[in-house]
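The chain contents come next:
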Amino acid sequence: MNQNQWKARKVVIVGAGAVGATFAYALAQSGVADEIALIDFNQDLVKGQVLDLAHGLPFFPPLHIHVGSSADYRDASVIVITAGAKQQPGETRLDLLKRNAGIMKNIAREIAVQESEAVVIVTSNPVDILTYTVLQELGWKAGRVIGSGTVLDSARFRYLLGQHCGVDVHNVHAYILGEHGDSEFAAWSMTHLAGNEIDRYCAICRKCNNWQAVREEIVNEVKKSAYHIIDYKGSTYFAIGLALVRIVTAILRNQRSVLTVSTFLEGQYGVRDVCLSIPCIVAQSGVEKIVEGNLREEEMQALSRSASVLRNTLDAMSKEN
């Protein structure tokens, strides 16, 4: 290929805190990106993170990593937003959400000014609401702005199923859908182990006396996983960093991978005008296609409830403005 036609696989990471830096570290080791630009308003922090990572360059695949600026948005392939404010004493959840929405809007405006052609991934929480905020501010085609959604929740689900059933996690296919939050739910109708639907596998396995109770325990553990980790060590960052590498890899390598990213729905599954997680084909352009599977009636109801939770939050934000 002519050198003038070659384009670096450039990833811009907005936010140099624990999640952003851990993602940068994992991405550097993966060899997927050719260039990583790390941006943060705290210049001392971002310089320190980049210098620390740069000292590892002899051990990474070939890579250019540097402190970035808004100008880096222009030729980025992917922009990953991990930035966000922390809740202050006496601040309500809605107040915090409004502050973070303001941060997202400012970042989106800077991206728009640079006329970026990148795919934008939002991982700041609450991820579904903030993904919607960035999408509305940019006004881009929906698939170009996605959230990390329940990609990590689905990974936790697969891990717990694999542990309980004694099956390699790579042979477990299972999804958590809906909001990345308390209203998320397990799509048991889409769950397969070793090529078998979960109900058929359980009939073969016969390991559980009360499989329905075990199912509830596993789903509750998925929902509580982040709370447990935060109680233990203050925050989560390793697994979400790896989940982001998985999403970015699907985009940069045009893999057309099925991932439960948060995306804007326009009537699919009977839901519209919110961002939430359902199985999507993720490729070079972002969400290439939403996969509309046959969910059971109770799962469709759970998805509708989850969408309502998000819509109510968006409506509350609008009333406060």
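Because the structure is a prediction, the values reported are computed rather than measured.

Thresholds applied
Residues numbered from 1 in each chain as written. Predicted model: local features only at pLDDT ≥ 70, side-chain atom pairs only at ≥ 80, totals over all residues. Heavy atoms only, no water. Helix = DSSP H or I, 4+ residues; strand = E, 2+ residues; numbered from the N terminus. Rg over C-alpha atoms; globule rule 2.2 N^0.38 Å. Buried < 20%, exposed > 50% of the residue type's maximum accessible area, 1.4 Å probe, protein only. Contact = heavy atoms within 4.5 Å. Areas by Shrake-Rupley, 256 points an atom, 1.4 Å probe, with all protein chains shown as cover. Lys, Arg positive; Asp, Glu negative; His and termini not counted. Charge placed at Lys NZ, Arg CZ, Asp CG, Glu CD. Disulfide = S-S within 2.5 Å. Phe/Tyr/Trp six-rings, centres within 6.5 Å; stacked < 30°, edge-to-face > 60°. Lys NZ or Arg CZ within 6 Å of the ring centre and 35° of its normal. 1 Å grid on protein atoms, 1.4 Å probe; cavity = no way out; pocket = protein on both sides within 12 Å on 5 of 7 lines; lining within 4 Å. Points joined across faces, edges and corners; volume = space filled by probe spheres on them. Nonpolar A, V, L, I, M, F, W, Y, C, P; charged D, E, K, R; others polar. Axes fitted to C-alpha atoms, helices over the stretch in contact; angles between N-to-C directions. Parallel < 35°, antiparallel > 145°, perpendicular 65-115°, else oblique. Left-handed = near helix turned anticlockwise from the far one by under 90°. Pairing = 2+ DSSP bridges. Right-handed = clockwise from strand over helix to strand, strands pointing away. Domains from an automatic or database assignment. Buried area = accessible area lost by both parts, 1.4 Å probe.

**Here we look at the overall build of the protein chain**
Across its full length, the protein chain holds nine helices and 16 strands. Since a compact globule built from 321 residues should have a radius of gyration of about 20 Å, the 20 Å found for the protein chain is in line with a globular shape. Projecting the C-alpha coordinates of the protein chain onto the three principal axes gives extents of approximately 60 × 50 × 40 Å. Buried residues in the protein chain amount to 50% of all 321 residues. Look at the contacts in the protein chain between residues 6 or more apart in sequence, and 68% of them connect residues 24 or more apart. Of the roughly 15700 Å² of accessible surface on the protein chain, 49% is carried by carbon and sulfur atoms. Across the protein chain, the centroid of the 31 positively charged side chains sits 3 Å from that of the 34 negatively charged ones.

**So, the state of the cysteines**
In the structure shown here, the tally under the stated rule is zero disulfides. The thiol of Cys275 is unpaired, and the distance to the nearest cysteine sulfur, on Cys280, comes to 10 Å. Judged by relative accessible area, which is 0%, Cys280 ranks as buried.

**A few points about the packing of aromatic side chains**
A complete count under the given rule lists five aromatic pairs for this structure. Relative to Phe238, the ring of Tyr237 has its centre 4.9 Å away and its plane inclined at 65°; by these criteria the two rings are edge-to-face. Owing to a relative accessible area of 54%, Phe238 belongs among the exposed residues under this scheme. Aromatic rings pair up to connect Phe157, Trp188 and Trp211 into one cluster. Looking at Arg144, its charged tip hangs above the ring of Trp140, at a distance of 3.6 Å from the centre. Sitting over the ring of Trp188, Arg215 keeps its end group 4.6 Å from the ring centre.

**Digging into the layout of surface pockets**
Roughly 830 Å³ of volume is contained in the second largest pocket. Taken together, 30 residues make up the lining of the second largest pocket; nearest its centre are Val151, Ser154, Ala155, Arg156 and Arg158. Listing elements by their share of the lining of the second largest pocket, those giving two or more residues are helix 5 (151-165), strand 7 (172-173), helix 7 (211-233), helix 8 (238-252) and strand 12 (257-259). Per element, the largest residue contribution to the lining of the second largest pocket is eight residues, and it comes from helix 5. Each residue belonging to the lining of the second largest pocket can be placed in one class, and the counts come to 18 nonpolar, seven polar and five charged.

**A closer look at the packing of helix 1 (residues 18-30) against helix 8**
Contact geometry of helix 1 with helix 8 gives a least axis separation of 8 Å together with a crossing angle of 50°. With respect to helix 8, the element helix 1 is oriented oblique. In the packing of helix 1 onto helix 8, the handedness of the crossing is right-handed. Here helix 1 contributes Val19, Thr22, Phe23, Ala26, Leu27 and Ser30 to the contact with helix 8, which in turn contributes Phe238, Ile240, Gly241, Leu242, Leu244, Val245 and Val248. Residues belonging to the contact of helix 1 with helix 8 are distributed by class as follows: ten nonpolar, three polar and no charged.

**Structural notes on the pairing of strand 2 (residues 35-39)**
Counted residue by residue, strand 2 has five buried out of five residues, so it is predominantly covered. Along strand 2, one buried face is formed by Glu35, Ala37 and Ile39 and the opposite face, lined by Ile36 and Leu38, is buried too. Here five bridges tie strand 1 (residues 10-14) to strand 2, and the two strands are oriented parallel to one another. Each bridged residue has a counterpart across the sheet, and for Val12 the counterpart in strand 2 is Ala37. In terms of handedness, the path from strand 1 via helix 1 over to strand 2 forms a crossover that is right-handed. Bridge analysis of strand 2 against strand 3 (residues 64-67) gives four bridges, and the strand direction is parallel. From the neighbouring strand, Leu38 faces strand 3, where its bridge partner is Val67. One crossover worth recording links strand 2 to the parallel strand 3 by way of helix 2 (residues 43-54), and it is right-handed.

**Quick notes on the sheet that holds strand 16 (residues 286-290)**
Sheet architecture is open: three strands sit in the order 12-15-16, paired in antiparallel fashion. The open sheet is flanked by strand 12 and strand 16, the only strands paired with a single partner. Strand-to-strand twist in this sheet, taken as the mean axis angle between neighbours without regard to direction, amounts to 40°. Across four bridges, strand 15 (residues 280-283) lies against strand 16 in antiparallel orientation.

**With respect to the domain arrangement of the protein chain**
One can read the domain layout of the protein chain as domain 1 (10-147) and domain 2 (150-319). For domain 1 and domain 2, the distance between their C-alpha centroids amounts to 23 Å. The interface of domain 1 with domain 2 comprises 35 residues on the first partner and 35 residues on the second. Counting each side, the surface lost to burial between domain 1 and domain 2 is near 2800 Å², with a carbon and sulfur contribution of 76%. Taken as a group, Val32, Asp128 and Tyr132 account for 23% of the area that domain 1 buries against domain 2, more than any other trio of residues on that side.

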